[in-house]
Amino acid sequence: MAEVVLRDVSKIYADGTHAVRGLDLSIADGEFLVLVGPSGCGKTTALRMVAGLEEITSGEIRIGGRVVNDVPPRDRDVAMVFQSYALYPHLSVRENIAFGLRLRKLPKDEINRKVQEAAKILGLEEYLDRKPRNLSGGQRQRVAMGRAIVRKPQVFLMDEPLSNLDAKLRVQMRAEIARIQRRLGVTTIYVTHDQTEAMTLGDRVAVMKKGELQQVDAPQVLYDYPVNLFVAGFIGSPAMNLFEGRITTAGDGTYQLLAGSQRLLIEPKVFEARPALYAYLDRPVIVGLRPEDMEDASLVQAREGCTLTSTADLVEAMGSDVLVHFGIDAPKVVTDDTKELARDAGTDVLGALDERGHSVLVARFSPR
Ligand code: ATP
């Protein structure tokens, strides 16, 4: 069993930087855990401490039940894939993949077999005799993966392995990494600052901010039940709309959200689904609205009291989606369900939309 457990792990660098604070994380055997957060939040430091490349200041790290605090990297049975790939330029693909096995003095036949096997999994068979400089970025990334795979480690540690690839290749390799990890069933910790990568890859996602863990859970749970404003704003693209308001009772057992000059009815079932919401009645609150939970009122039967009225002040056409930015008084609200609006608007979307004057949105406050 290659469970990885971090207990109250902290890292203070020599210059006093407190990079990781009291990190508690358990990664189950075979699990794919993604560590995500903005630049400088301590995710690379956390990963390097698991790898043994960085000493921990306090706490405990266990891999497969064994405390590894004082175990050197090569004896931890982990394989790390770096953002830079760290390939040897003078060695062929075959030699790069075989490197770690040679160091361990495995028999030649066995090395050849393992390299061949990895090359097959990664689609690298025809490139085995090339040097890294004659490979594309994606192929280099595969070689780096190959080096990790052949060692059959207990744990894969990946530090932004896709960040040097262009957008299309990144999506392709992302799917491939997910497939390989599932096929091999190796416990994996994957660091990224890209929330889309985190959401699509992770069995669970751990969100960090300023060295501290904010929330760790399955992607959909983070999305639907963020524990704080940071997670709410960080997870989801386009980001959740956040604006100030107040929720009060509106008679007839219904509730209303008051935000600026807007009034929005909230059905009782929303409160029934989340009883914790009652505690926020009659207090200033910050309301989070996912863009996809809004609809263009001209396309649906808008129920009275369930519309936000505003003027679109920016339209971004993204192909499959169109993002329309509205202000609810001052704060911005973004929706992605406005294809009709954009079609009407033609090419000069901004100008055309302005001419329409007010556009009406319906916010669906549906309990998930
Ligand atoms: P990024 O996504 O930019 O790589 P990160 O979340 O991986 O960021 P870390 O690289 O872990 O963050 O850095 C966490 C904090 O520790 C940052 O404030 C960084 O400046 C600091 N830090 C990292 N390495 C060192 C070091 N060797 N000495 C001092 N401070 C460091």
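Residues numbered from 1 in each chain as written. Predicted model: local features only at pLDDT ≥ 70, side-chain atom pairs only at ≥ 80, totals over all residues. Heavy atoms only, no water.

What follows is about the sheet that holds strand E13 (residues 262-266). Taking strand neighbours across the sheet as the criterion, the four strands line up as E13-E12-E11-E14 in an open arrangement whose pairing is antiparallel. One side of each edge strand has no neighbouring strand; the edge strands of this open sheet are E13 and strand E14 (284-289). On average, each strand axis in the sheet is inclined to that of its neighbour by 40 degrees, with strand direction left out of account. (Pairing = 2+ DSSP bridges. Helix = DSSP H or I, 4+ residues; strand = E, 2+ residues; numbered from the N terminus. Axes fitted to C-alpha atoms, helices over the stretch in contact; angles between N-to-C directions.)

Our next topic: helix H5 (residues 167-184). Because an α-helix packs 3.6 residues into every turn, residues spaced three or four apart end up facing the same way. Compared with the 26 Å implied by 1.5 Å per residue over 18 residues, the 26 Å span of H5 between its first and last C-alpha is a close match. Within the sequence span of H5, burial applies to Leu169, Met173, Arg174, Glu176, Ile177, Ala178, Ile180 and Gln181. With its phi angle positive at about 65 degrees, Gly185 sits one or two positions after the end of H5. (Expected span 1.5 Å × (residues − 1). Buried < 20%, exposed > 50% of the residue type's maximum accessible area, 1.4 Å probe, protein only.)

The next thing to look at is the layout of surface pockets. As a volume, the second largest pocket reaches approximately 640 Å³. Mapped by element, the contributors of at least two residues to the lining of the second largest pocket are strand E6 (78-81), helix H2 (93-103) and helix H4 (137-150). (1 Å grid on protein atoms, 1.4 Å probe; cavity = no way out; pocket = protein on both sides within 12 Å on 5 of 7 lines; lining within 4 Å. Points joined across faces, edges and corners; volume = space filled by probe spheres on them.)

Right, let's get into the pattern of salt bridges. For the coordinates displayed, the defined rule picks out 10 salt bridges. Between Glu54 and Lys11 there is a salt bridge, with the nearest N and O atoms lying 3.8 Å from each other. Here Glu54 is found in the loop between helix H1 (43-51) and strand E4 (58-63), whereas its partner Lys11 is found in strand E1 (residues 4-12), with 43 residues between them in sequence. Considered together, Glu54 and Lys11 belong to a single accessibility category, that of buried residues. A salt bridge links Glu117 to Arg113, with the shortest nitrogen-to-oxygen separation between them at 3.8 Å. Residue Glu117 and its partner Arg113 are both found in helix H3 (residues 108-122); the two are separated by four residues, about one turn of the helix. Looking at Glu117, the relative accessible area reads 36%, which means it is partly exposed. (Salt bridge = Lys/Arg side-chain N within 4 Å of Asp/Glu carboxyl O.)

The next subject is the site of the ligand. Near the ligand, the surroundings consist of 13 residues, among which Ser39, Gly40, Lys43, Thr44 and Thr45 are the closest. Take Gly40: an N or O atom from its main chain is 2.7 Å from an oxygen atom of the ligand. Cys41 places a polar main-chain atom, nitrogen or oxygen, 3.0 Å from an oxygen atom of the ligand. Taking 630 Å² as the accessible area of the ligand by itself, protein coverage stands at 60%. A per-element tally of the shell around the ligand places H1 first, with three residues. (Near = heavy atom within 4 Å. Polar contact = N/O pair within 3.5 Å; in protein donor to acceptor, adjacent residues only side chain to side chain. Areas by Shrake-Rupley, 256 points an atom, 1.4 Å probe, with all protein chains shown as cover.)

We now examine the packing of aromatic side chains. Enumeration according to the criterion identifies six aromatic pairs in this entry. Considering the side-chain rings of Phe32 and Tyr190, the 5.7 Å spacing of their centres and the 45 degrees angle between planes classify their relative orientation as tilted. Of this pair, Phe32 sits in strand E3 (residues 32-36) while Tyr190 sits in strand E8 (residues 187-192); the two residues are 158 residues apart in sequence, bridging distant segments of the chain. In this structure Phe32 comes out as buried when scored by relative accessible area, which is 2%. Ring centres 4.5 Å apart and planes at 35 degrees place the aromatic pair Tyr88 and Phe99 in the tilted group. With a gap of 11 residues between them, Tyr88 in the loop between E6 and H2 and Phe99 in helix H2 connect regions that are remote in the sequence. Chaining the aromatic ring pairs together yields one cluster made of Tyr255, Phe271 and Tyr278. For Arg290, the ring lying beneath its charged end belongs to Tyr223, and the centroid distance is 3.7 Å. (Phe/Tyr/Trp six-rings, centres within 6.5 Å; stacked < 30°, edge-to-face > 60°. Lys NZ or Arg CZ within 6 Å of the ring centre and 35° of its normal.)

A few words now on a nonpolar patch on the surface. On the surface, Leu229, Leu242 and Ile286 cluster together into a nonpolar patch covering about 250 Å² of accessible area. Relative to the elements of secondary structure, Ile286 occurs in strand E14. (Patch = residues over 30% accessible without salt bridge, like charges linked within 9 Å, V, L, I, M, F, W, Y side chains within 5 Å.)

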